[in-house]
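# Commentary on secondary and tertiary structure
Residues per chain, in single letters:
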Amino acid sequence: MYRKILPAVMAAVMLAGVSMAEARQHGGMENNAESVSAVAAEKGTRVTRGEDRVMELAVNMNVDGLHPKYSNRVPESWHPMEEVDWQVKPQDSPQLLKRWPVTVEDGGGTLLFSDSPEYVEQDGILYSDVVTGAGRIFYYHLNNTRQNKKIAVVLENEGKYTAILNVSREALSAPSDNYLWVGKTTQQEYMESRVNRNVFVFPGRKKILSNKMAETIVRPGQLVNGIYDFTTDGPVRLSVIMYPAGENPVDFIKKAKVLPKDEHRLRGTYKGMNRIIRAEKVYNPQMDGAVFIPLADNDRDAYRYGIDATDGSETQNYGNYGIMYELQVPVKGTGDVQYILQPLGGVYAGAMSVQDMADKQKFMLSVPQNQLYFGNVRIDDFTSSRFPSTADTDYIYFSSELASLGTYGAGQQLSFEFSPPGASNLPVNFILMPATQAQGLAYKWQTR
């Protein structure tokens, strides 16, 4: 899940559902498109419009591969007007975006992030550390052997008394070699998850976090992604392991060794598993126009530093995977506001949630909604050189791909939940603009 973040110039758009980034790309496409994109990303090059097969997949990907349980179910009463008619119209220049000032607050419990080695070639412990209090574990690993395996989280009580670990949110993907599908469906399940499940761990004893892990076979070449929020009243060690499909995980971990990290070093323990981004001033659609908030670019939104508990070295969460963002932008004035997610680095497939702060209702948004992924397009060099992005400005280009997060009244005070999904690319722009101004944005490529 290593990402080589691209500049915002790489924007590409298609109003459908959500964002993007760049890196060694995981699948979600058929082999032909996957190989073209992956090779291009590995070489640091861009996937251009000339590659017809990649273009066809990016534009025409239907709902095959989407989780049948999940779709955008925000009630119609939340939408004060019909969705903007995203018809392509001629544009003399790209749509200018102004960066909206925000404050950032990190808090919450402890994040354990396990993604190194990502391609696991032998049995062993992938990551391990002790948590007391609130925590989250996010793991993302691929079985790169020739045998069936299982990947699980084993708990060990390191205190003197029985520890109660309460799980409040959980998501575990079905293993698949469609990596974008894995990342997206895991986020969809997590965004909708609300559980209250206790796991009792006796002193000096070990126990698996979820029985589902022990029942899930990960075949060669398949990826699995899990996210669990929990609280424990005593010191509990959580260890992510890959082990032979026929063994008992509790017995296996007694003899298992910690595997060395790969070159990307994407594992560690991070204090503060949540990030709240608050606008410094109230947004008025009629006065302020189109604005954006950059997310996960490691410049205006910094990546978290932590410690690899297996060897004590400093590590950086390159992408802020497992960090849950809460986006709060107060709105006033009249008219309706269009919310958009704009990918800036590559293919993207994820989920978000939107909550009305008045009645506390929360709804999951599949991003993009009507296809598995998007964000494969790039802008031409001529346009990007004439209209370059800066620290405080960006653009929606004629060829940009966008994801609609809904149109809402200026009087609604909303909170959006976002987290970088596994297998997707970063950074992304979170955009607000008057709904009337949003008309005319492209939602698919045009012949120039």
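Residues numbered from 1 in each chain as written. Predicted model: local features only at pLDDT ≥ 70, side-chain atom pairs only at ≥ 80, totals over all residues. Heavy atoms only, no water.

### Details of the environment of F416
Note that F416 resides in strand β22 (residues 414–418). Sequence spacing of F416 and V329 is 87 residues, and the spatial spacing of their C-alpha atoms is 9.1 Å. Among residues more than four places away in sequence, those in contact with F416 are Y325, E326, L327, Y339, M352, S353, V354, L365, L405, Y408 and F430. (Helix = DSSP H or I, 4+ residues; strand = E, 2+ residues; numbered from the N terminus. Contact = heavy atoms within 4.5 Å.)

### What to know about the sheet that holds strand β16 (residues 324–328)
With respect to topology, six strands assemble into an open sheet ordered β2-β12-β16-β22-β18-β19, the strand pairing being mixed. Only two strands of the sheet have a single neighbouring strand rather than two, namely β2 (102–107) and β19 (362–367). Sheet twist, expressed as the average angle between the axes of neighbouring strands with direction ignored, equals 20 degrees. Bridging between strand β18 (residues 350–356) and β19 involves six bridges; their strand directions are antiparallel. The partner of M352 across the bridge, within β19, is L365. In the packing of helix α3 (residues 179–192) onto the sheet, the strands contacted are β16, β18, β19 and β22, and the crossing angle to β18 comes to about 20 degrees. (Pairing = 2+ DSSP bridges. Axes fitted to C-alpha atoms, helices over the stretch in contact; angles between N-to-C directions.)

### Quick look at the side chain of D229
If you trace the backbone, D229 turns up in strand β10 (residues 223–244). Assessed through its relative accessible area of 8%, D229 is described here as buried. A polar atom in the side chain of D229 sits 2.7 Å from the side chain of R136. Discounting chain neighbours no more than four positions away, the residues touching D229 are G135, R136, N166, V167, S168, R169 and Y190. (Buried < 20%, exposed > 50% of the residue type's maximum accessible area, 1.4 Å probe, protein only. Polar contact = N/O pair within 3.5 Å; in protein donor to acceptor, adjacent residues only side chain to side chain.)

### Topic: the packing of aromatic side chains
Tallied over the entire structure, the rule returns 13 aromatic pairs. A ring pair is formed by Y303 and Y318, whose centres lie 5.2 Å apart and whose planes are at 75 degrees; its orientation type is edge-to-face. In this pair, Y303 is assigned in the loop between β13 (291–295) and β14 (305–308) and Y318 in the loop between β15 (313–316) and β16, connecting sequence segments 15 residues apart. On the accessibility criterion, Y303 (4% relative accessible area) is buried. Grouped by ring-pair contacts, the aromatic residues Y339, Y408, F416 and F430 constitute a single cluster. Positioned over the ring face of Y190 is R169, at 4.1 Å from the centre of the ring. (Phe/Tyr/Trp six-rings, centres within 6.5 Å; stacked < 30°, edge-to-face > 60°. Lys NZ or Arg CZ within 6 Å of the ring centre and 35° of its normal.)

### So, unusual backbone geometry
In the segment running from S116 into P117, the intervening peptide bond is cis, with an omega of 0 degrees. Position of P117 among the secondary structure elements: in the loop between β3 (110–114) and β4 (119–120). The amide bond that connects V367 to the next residue, P368, takes the cis arrangement and shows omega of -5 degrees. Position of P368 relative to the elements: it lies in the loop between β19 and α7 (381–386). For A296, which is not a glycine, the phi torsion comes out positive at approximately 60 degrees. Within the fold, A296 resides in the loop between β13 and β14.

### Examining the side chain of N317
Checked against the element boundaries, N317 lands in the loop between β15 and β16. On the basis of relative accessible area, N317 is assigned to the buried category, the value being 0%. For N317, the contacting residues outside a window of four places in its chain are L111, F113, Y270, Y303, R304 and I323.

### Overview of the nonpolar core
Counting residues in hydrophobic clusters, the biggest one holds 58 residues, and the most contacted among them are Y339, F416 and F430. The element contributing the most residues to this core is α3, with five residues. Residues in contact with Y339, not counting those within four places in the same chain, are V331, A403, S404, L405, G406, Y408, L414, F416, F430, I431 and L432. Among the nonpolar cores identified, the runner-up in size contains 36 residues, and Y127, I151, V154 and L165 belong to it. (Core = buried A, V, L, I, M, F, W, Y, C linked by side-chain atoms within 4.5 Å.)

### Things to note about the confidence of the model for the protein
On average, the protein scores 82 in pLDDT, and the residues at 70 or more come to 77%. pLDDT under 50 marks residues 84–90. Its contacts with residues more than four places away, or in other chains, come to 22 contacts. Here residues 442–448 is modelled with pLDDT under 50, and outside its nearest four sequence neighbours on either side it reaches 26 contacts, counting other chains as well. (pLDDT = per-residue confidence, 0-100.)

### Here we look at the sheet that holds strand β23 (residues 428–434)
The sheet built from six strands is open, its strands ordered β20-β1-β13-β23-β17-β21 with mixed pairing. Of all strands in the sheet, those with a lone pairing partner are β20 (393–396) and β21 (403–409), marking the two edges. Along the sheet, successive strands turn relative to each other by an average axial angle of 30 degrees, direction set aside. The pairing of strand β17 (residues 336–343) with β23 spans seven bridges and is antiparallel.

### Concerning the environment of Q286
Tracing the backbone through its elements, the reader meets Q286 in helix α6 (residues 285–288). Residues Q286 and T436, spaced 150 residues apart in sequence, show a C-alpha to C-alpha distance of 9.9 Å. Not counting the four nearest positions on each side in its chain, Q286 is found in contact with T334 and G335. A polar atom in the side chain of Q286 sits 3.3 Å from the backbone oxygen of T334.

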